[in-house]
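Results of the structural survey
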Amino acid sequence: MADSIMSKAATMEIPINSNGDTGTLTEDESLEQDLQQVMVSGPNLNETSIVSGGYGGPAGGIIPTSSIKDIRMKSRAVGLAKSQSAASRLAQHTDQHPGSSNHQASNSTEEVSRGVAVEKLDSVKKWGINTYKCTKQMFSEKFGRGSRTVDLELEAQIELLRDTKSKYENILRLATALISHFQSMVQTQQALGDTFTDLSQKSPELQDEFGYNAETQKLLCKNGESLLGAISFFVSSVDTLVNKTMEDTLMTIKHYENARLEFDAYRSDLEEMSLGPRDAAAMVRIEMAQHDYQIHRDKYERLRSDVTIKLKFLEENKVKVMHKQLLLFHNAISAYFAGNQQQLEQTLIQFNVKLKPPGSDKPSWLEEQ
């Protein structure tokens, strides 16, 4: 390598100074040019060597550049292999955890689905057993083979309520029919009054007579609308009493009757088991039947108490509502047919009856489109 450097240094161009003469270079400038020449036209780096000692040192201190390159390549390969290994382990860890979480999630979902299915199956089973027992009890009572629990006082109140509801529904039908017929009469009176008014303007010789009749029909029409408002208020209040208050009580009575049937069914079942054998398995069944019997007995007694309370409040509410509505109906009818307009208006004010403005029942032009 030293011979190569010396041979190339011998062929270097001689530097010329600014005056055109060959000058002597300083030691630093000469060394800089030598290094530049070596970098430009020196040997391949793969074939060079690095001297670990000073210039002209022993040959043992020279390390080939190719060896350093091999070491660097190996270190890079080792580092890359470690990175790939770490990445593979991370990917494996990442793959394993989502898999395990998905597996756990699927297991929990299966457990929830299994639990829901078991609950539904138990519910259907209980419903089937309960339906069978109640149907058996119902047919036994119908054919006179089974006994039933009867509260005579409560049964009488229930029958009275059903009879009262039926009669009140008849009042509603008749009052609604009265409104329809009376509304037609009021419309006819209004049309007749308009006709009399028109004729009074076109018949000068009968102007006064047509005018009197027109005023009378208009007054009757106004009073008729007031009476219609009073009757409509009466119908609305009775309808609320019948189809909401009474219906709610009858719904509670229906639940009570179903609970009574279930109670008698489980009571009969317990009585039949008590007459049978008394072995260990039978005692277990009797204990379970006793438990079911107690549950349905508590339910029956609770609903019986609810029905008793609702019947009491319903009776009080019915008397209060019907007292007011019957008084309104009587006063309004009497004042109208007596021709007492002032008393009719006073009746509406007394019972807070608000009349609808004329034409409010007709649909708007937008609804007719």
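The rules behind the values
Residues numbered from 1 in each chain as written. Predicted model: local features only at pLDDT ≥ 70, side-chain atom pairs only at ≥ 80, totals over all residues. Heavy atoms only, no water. Helix = DSSP H or I, 4+ residues; strand = E, 2+ residues; numbered from the N terminus. Buried < 20%, exposed > 50% of the residue type's maximum accessible area, 1.4 Å probe, protein only. Areas by Shrake-Rupley, 256 points an atom, 1.4 Å probe, with all protein chains shown as cover. Salt bridge = Lys/Arg side-chain N within 4 Å of Asp/Glu carboxyl O. 1 Å grid on protein atoms, 1.4 Å probe; cavity = no way out; pocket = protein on both sides within 12 Å on 5 of 7 lines; lining within 4 Å. Points joined across faces, edges and corners; volume = space filled by probe spheres on them. Nonpolar A, V, L, I, M, F, W, Y, C, P; charged D, E, K, R; others polar. Expected span 1.5 Å × (residues − 1). Bend = angle between axes of the 7 residues up to and from the residue. Axes fitted to C-alpha atoms, helices over the stretch in contact; angles between N-to-C directions. Parallel < 35°, antiparallel > 145°, perpendicular 65-115°, else oblique. Left-handed = near helix turned anticlockwise from the far one by under 90°. Contact = heavy atoms within 4.5 Å. Phe/Tyr/Trp six-rings, centres within 6.5 Å; stacked < 30°, edge-to-face > 60°.

Here we look at the overall build of the protein chain
Helix and strand content of the protein chain: eight helices and two strands. Counting from the amino terminus, the protein chain carries its helices and strands in the arrangement α-α-β-β-α-α-α-α-α-α. When each of the 369 residues of the protein chain is scored for burial, the buried share is 22%. Total accessible area on the protein chain is roughly 26600 Å²; 57% of this is exposed by carbon and sulfur atoms.

Examining the pattern of salt bridges
A complete count under the given rule lists 15 salt bridges for this structure. Of the charged contacts, one joins Glu301 and Arg297 as a salt bridge, the two residues approaching to 3.3 Å between their closest N and O atoms. Here the residue Glu301 and the residue Arg297 both occupy positions in helix H6 (residues 280-337), the gap between them amounting to four residues, near one helical turn. With a shortest N-O distance of 3.2 Å, Lys318 and Glu315 are connected by a salt bridge. You can see Lys318 and its partner Glu315 sitting in helix H6, three residues apart, about one turn around the helix. With relative accessibility at 40%, the residue Glu315 sits in the partly exposed group. Taken together, the shared-partner salt bridges connect Arg260, Asp264, Arg267 and Glu271 into one network.

Some details on the layout of surface pockets
Empty space within the second largest pocket amounts to approximately 380 Å³. For the lining of the second largest pocket, the secondary structure elements donating two or more residues are helix H3 (65-142), helix H5 (207-274) and H6. Considering each element in turn, the lining of the second largest pocket owes the most residues, seven residues, to H6. Each residue belonging to the lining of the second largest pocket can be placed in one class, and the counts come to six nonpolar, three polar and six charged.

What about H5?
With 68 residues, H5 extends 97 Å between its outermost C-alpha atoms, agreeing within 8% with the 100 Å of an ideal straight helix rising 1.5 Å per residue. The sharpest bend along H5 reaches about 35° and sits at Glu247.

Here we look at the packing of H6 against helix H7 (residues 341-350)
Between H6 and H7, whose axes approach to 8 Å, the crossing angle comes to 160°. By the criterion of interaxial angle, the relationship of H6 to H7 is roughly antiparallel. Our pair here, H6 against H7, has a crossing hand that is left-handed. Facing H6, whose interface residues are Leu328, Asn331, Ala332, Ala335 and Tyr336, H7 presents Gln343, Leu344 and Thr347. A class-by-class count of the residues in the contact of H6 with H7 yields five nonpolar, three polar and no charged.

Remarks on the side chain of Arg260
Looking at the secondary structure, you find Arg260 in helix H5. The contacts of Arg260, once residues within four sequence positions are left out, are Glu141, Arg148, Thr149 and Tyr300.

Description of unusual backbone geometry
At Asn352, a position not held by glycine, the phi torsion is positive, near 55°. Among the structural elements, Asn352 can be located in the loop between H7 and helix H8 (365-368). Given the relative accessible area of 60%, Asn352 is considered exposed.

A short note on the environment of Tyr256
With respect to the helices, strands and loops of the structure, Tyr256 is situated in helix H5. Once residues lying within four places of it in the same chain are set aside, the contact partners of Tyr256 are Asp151, Leu154, Glu155, Ile158, Tyr300, Leu303, Arg304 and Val307.

Details of the packing of H5 against H6
One way to put it is that H5 packs onto H6 with a least axis distance of 7 Å and a crossing angle of 165°. Our classification of the angle between H5 and H6 gives roughly antiparallel. Handedness of the crossing formed by H5 with H6: left-handed. When grouped by side-chain class, the residues that make up the contact of H5 with H6 number 31 nonpolar, twelve polar and twelve charged.

Things to note about the packing of aromatic side chains
Summed over the entire model, instances satisfying the criterion amount to eight aromatic pairs. Relative to Tyr300, the ring of Tyr256 lies with its centre 5.6 Å away and its plane at 20°, an arrangement referred to as stacked. In this pair, Tyr256 is assigned in helix H5 and Tyr300 in helix H6, connecting sequence segments 44 residues apart. Here the aromatic cluster, defined as three or more aromatic residues joined through ring pairs, consists of Tyr256, Phe263, Tyr293 and Tyr300.

Structural measurements only, silent on function.
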